[in-house]
Amino acid sequence: GRGLYISPYVRGVAISEQSLTGFDATGFTAGAFVGYAIALSSRFDLRVGAGAQYIYFDGDTNGTRFETSTPFVAIDAVLGYRL
């Protein structure tokens, strides 16, 4: 569509690769974007917005525990084609 958009999301992640690195991790990302979709032509739309994201991971690499937690701002830009 065209006009204002709000795009929240939550994503869960589980990673396991034991054969080479002994790596195991779980985590999630969450965020929201607000922006505007602009009609460039009858077939092309440009969506431009900004938002914030948060990433958290907790894991183990060959017996060494790690944890990462970080918020950050992000830019959302998508060029869409209408069929």
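Residues numbered from 1 in each chain as written. Predicted model: local features only at pLDDT ≥ 70, side-chain atom pairs only at ≥ 80, totals over all residues. Heavy atoms only, no water.

## Describing the sheet that holds strand β1 (residues 3–17)
Inclusion rule: In short, DSSP must find at least two bridges between two strands for them to pair. Where helices and strands are cited, they refer to DSSP runs of H or I of at least four residues and of E of at least two residues respectively, numbered from the N terminus. Axes here mean lines fitted to C-alpha atoms, for a helix over just the part in contact, with angles spanning 0 to 180 degrees between N-to-C directions.
Strands sit in the order β1-β2-β3-β4 across an open sheet of four strands; the sheet is antiparallel. Each of the sheet's edge strands pairs with one partner strand only, and the pair in question is β1 and β4 (64–81). Direction aside, the axes of adjacent strands within the sheet are offset by 15° on average. Sheet analysis places β1 next to strand β2 (residues 23–39), joined by 15 bridges and oriented antiparallel. Counted as the bridge partner of Ala14 is Thr26 from β2.

## As for the side chain of Thr29
Threshold: For every residue, the accessible area (1.4 Å probe, protein chains only) is compared with the maximum for its type, and the residue is labelled buried under 20%, exposed over 50%, or partly exposed between those bounds. We call two residues contacting when some pair of their heavy atoms lies within 4.5 Å.
Here Thr29 is to be found in strand β2. A relative accessible area of 9% places Thr29 in the buried class. If sequence neighbours within four positions are ignored, Thr29 has contacts with Tyr9, Val10, Arg11, Tyr54 and Ile55.

## What to know about the environment of Phe66
Within the fold, Phe66 resides in strand β4. Remark: the alpha-carbon pair of Phe66 and Ala25, spanning 41 residues in sequence, is separated by 8.9 Å.

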